[in-house]
Amino acid sequence: MKRQIIFFFLFSFVNQKIFSFTLLSPNPPRYTTGEVYVDFTNDSCSQTGFSPQYLFNLMEESINQFWNKVSSARLLLLKGDFVDVSSAGLDPSSLAAEARGNRILVGCNDAVAAFASGGVVAVGTMGQFDGETKGSIIINDHANSEFSTLSDDKIRALLAHELGHALGLGHSENVSALMYYSLGSKIQEKMSQDDYDALTYLYPHNPRLMGLGGSCGTISFDHSKEGEAKWYQSYFLLALLPLLMALLLRPLF
Amino acid sequence: MKQTLIFCFLILFFQKSVFSFVGAGIYVPSVGSWQIDQAGGSNAFQFNSYLFTHHHFPLSAEHAFRPGLGYVFNRNTYNTSYTKNSILLRYEMSYFFDENLAFLYGLGNIITEIRGKGGLQRLQNGNSYSYFYNPAVDTVRSYNTTLNLGVEYFFVETLAAELSLYILEFLSKERRAFSYSLSVHYNFR
Ligand SMILES: [Zn+2]
């Protein structure tokens, strides 16, 4: 009876899960603050059909709808400020270099080569500039831009996808994923499991705080140590030690 | 710290009516949090096999301390860039309503292990293709604290079924997530 039940539970599962997130570089630089602000340039964004203020508000909604939902990751994205920088003529890397440290800068221009076709509505990237991690997103403001045809729902998903790149993520081959290369006609209201796992991989919860510390802007995490954290560093786990010892030794008495 | 550990050790060690369970079942992570298709559907059910053991330390006629350790195999379908497993640590009390039915409550930890496979993937990027990097071959662990609630039903003294709910990030409105497990366990006295 027991064997049959265990057998049943172990081997009768059906799965449709694709674990397929990727990264922009083998070990993308991490933002070293628990909170990462998203700033906006002073670009006019006139070809997008939306005012910069409107796009900035959609960005804030996007942050809260997507990346800020990951319970197993510590990173918190926040709406920042309008800054007095123009993205005119810049490619994504050059714009990222203009961002403040540990921040992501969003602008609109027609300078990115891929924008001429119109179908590429935004691009995002990140990197290390002057020793600080910075990210950028450029929205297609070319005369051919198809951005103006997008619904608010699509724009929120699109901005979240580009934020994924600004966090260091590449594409996923999972069609349900936010990081799939195209939104196409799909409805993207949530992220997939591998989007969640991607952010968890880059920004895991600290073993000392156990996910209870929240995300605090004044705490600077040393990401190089984060992945090396060992399970026995947890105080919670230590509580289990005497129990295991008791159980192991009990048969002796 | 050391004194506390020794104290716990002694208390547990001299319990006479302690008994242990082993069990298996399924674990369903983050219900409703993840999109699973192109129409915007989200996950309600997912088969991840779950093995665990827990131990029963009676404190009174109705109450018992019931710590446990579980392991979840997060299976996936094909061609992956990483693998994932979860370790569940459960520090729970059980309250027996009657001989067969117990209510479980307490705290726990879920440790999510993500192990990259390394290498590259060639994927579509805009109108062309680009190479992207799979996560490197090492293990990253993320630690969550959970609020646990559950019910346990004993068919006979040695065989029980359990439904448990694990609330991740229970202090955060935005990040709160609900996972659950369904399992059967056998107890050897
Ligand atoms: Zn992309």
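To keep things clear, this report deals only with the structure shown in the data block. (Residues numbered from 1 in each chain as written. Chains lettered and ligands numbered in written order. Predicted model: local features only at pLDDT ≥ 70, side-chain atom pairs only at ≥ 80, totals over all residues. Heavy atoms only, no water.)

### Here's the deal with the coordination of the zinc ion
All names here are of chain A. The criterion, for reference: Listed donor atoms are N, O and S within 2.8 Å of the metal (Na, K and Ca: 3.2 Å). As water is not included, a site may look incomplete. Secondary structure elements are defined from DSSP: runs of H or I of at least 4 residues count as helices, runs of E of at least 2 residues count as strands, and each element is numbered from the N terminus.
Taken together, the protein ligands of the zinc ion are His 161 (NE2), His 165 (NE2) and His 171 (NE2), with distances of 2.0 Å. Positions of the donor residues of the zinc ion, expressed as sequence spacing, correspond to H-x3-H-x5-H. Of this pair, His 161 and His 165 both sit in helix H4 (residues 152-166), separated by four residues, roughly a single helical turn.

### Quick notes on helix H2 (residues 52-65) of chain A
All names here are of chain A. Keep this limit in mind: Given the number of residues in a helix, its expected span is that number minus one, multiplied by 1.5 Å. Burial classes: relative accessible area under 20% of the type maximum marks a residue as buried, over 50% as exposed, and values in between as partly exposed (1.4 Å probe, protein chains only). Think of it as the arc spanned by the lines of direction from the helix axis to the C-beta atoms. In what follows, residue pairs with any heavy atoms lying within 4.5 Å of each other are defined as contacts.
For H2, spanning 14 residues, the distance from its first C-alpha to its last is 20 Å, which sits close to the expected 20 Å at 1.5 Å a residue. Residues of H2 that are buried: Pro 52, Leu 55, Phe 56, Leu 58, Met 59, Ser 62 and Ile 63. Down the axis of H2, the buried set is contained in an arc of 160 degrees. They therefore lie on one face. Buried residues in H2 make contact with strand S1 (35-40), strand S2 (76-82), strand S3 (103-109), strand S5 (132-140) and H4.

### Quick notes on the nonpolar core
The nonpolar side chains of soluble globular proteins are, as a tendency, buried together. All names here are of chain A. Rules: To form a nonpolar core, buried Ala, Val, Leu, Ile, Met, Phe, Trp, Tyr and Cys residues must be joined to one another through side-chain atoms within 4.5 Å.
Ranked by internal contacts, the top residues of the largest apolar core, which has 52 residues, are Met 59, Trp 67, Leu 77, Ile 104 and Leu 163. Breaking this core down by element, the ones donating at least two residues are S1, H2, S3, strand S4 (122-129), S5, H4 and helix H5 (193-202). A total of seven residues in this core trace back to one element, the largest contributor, which is H4. Filtering out sequence-adjacent residues up to four positions away, Trp 67 remains in contact with Ser 62, Leu 77, Ala 160, Leu 163, Gly 164, Leu 167, Leu 169, Leu 178, Met 179, Met 191, Asp 195 and Leu 199.

### Brief notes about the side chain of Asn 109 of chain A
Residue and element names in this part refer to chain A. Using the following cut-off: The term polar contact refers here to a pair of N or O atoms within 3.5 Å; inside protein, the definition further demands a hydrogen-donor-capable atom paired with an acceptor-capable atom, and it admits residues adjacent in sequence only when both atoms are side-chain atoms.
Locating Asn 109 in the fold gives a position in strand S3. Of note is the side chain of Asn 109, whose polar atom sits 3.0 Å from the backbone nitrogen of Ala 111. Aside from chain neighbours lying at most four places away, what touches Asn 109 is Ser 87, Ala 88, Gly 89, Leu 90, Phe 115, Ile 138, Ile 139, Asn 140, Asp 141 and His 142.

### Here we look at the sheet that holds S5 of chain A
Residue and element names in this part refer to chain A. Which entries qualify depends on this criterion: Strands are labelled as partners when DSSP assigns at least two bridges between them. Fitted lines through C-alpha atoms give the axes, limited to the stretch in contact for helices. The angle between two N-to-C directions lies from 0 to 180 degrees.
Spatially, five strands are ordered S2-S1-S3-S5-S4 in an open sheet, and the strand pairing comes out mixed. Every other strand in the sheet has two partners, leaving S2 and S4 as the edge strands with one partner each. Here the strands of the sheet are splayed against their neighbours by 25 degrees on average, with no regard to which way each runs. Here H2 sits on the sheet and contacts S1, S2, S3 and S5; the angle it forms with S2, its principal contact strand, is near 170 degrees. This element, H4, spans S1, S2, S3, S4 and S5 of the sheet and lies at about 25 degrees to S4.

### Looking at the pattern of salt bridges
Stated formally: A pair is scored as a salt bridge if a Lys or Arg side-chain nitrogen falls within 4 Å of a carboxyl oxygen belonging to Asp or Glu.
Scanning the model with the defined rule gives 14 salt bridges over all chains in all. We note a salt bridge from Asp 153 of chain A to Arg 156 of chain A, for which the minimum N-O separation is 2.7 Å. Placement of the pair is Asp 153 of chain A and Arg 156 of chain A together in helix H4, with a separation of three residues, close to one helical turn. Residue classification places Asp 153 of chain A among the exposed positions, given a relative accessible area of 52%. With a relative accessible area of 13%, Arg 156 of chain A lands in the buried category. As a salt-bridge pair, Glu 113 of chain B and Arg 141 of chain B come within 2.9 Å of each other at their nearest N and O atoms.

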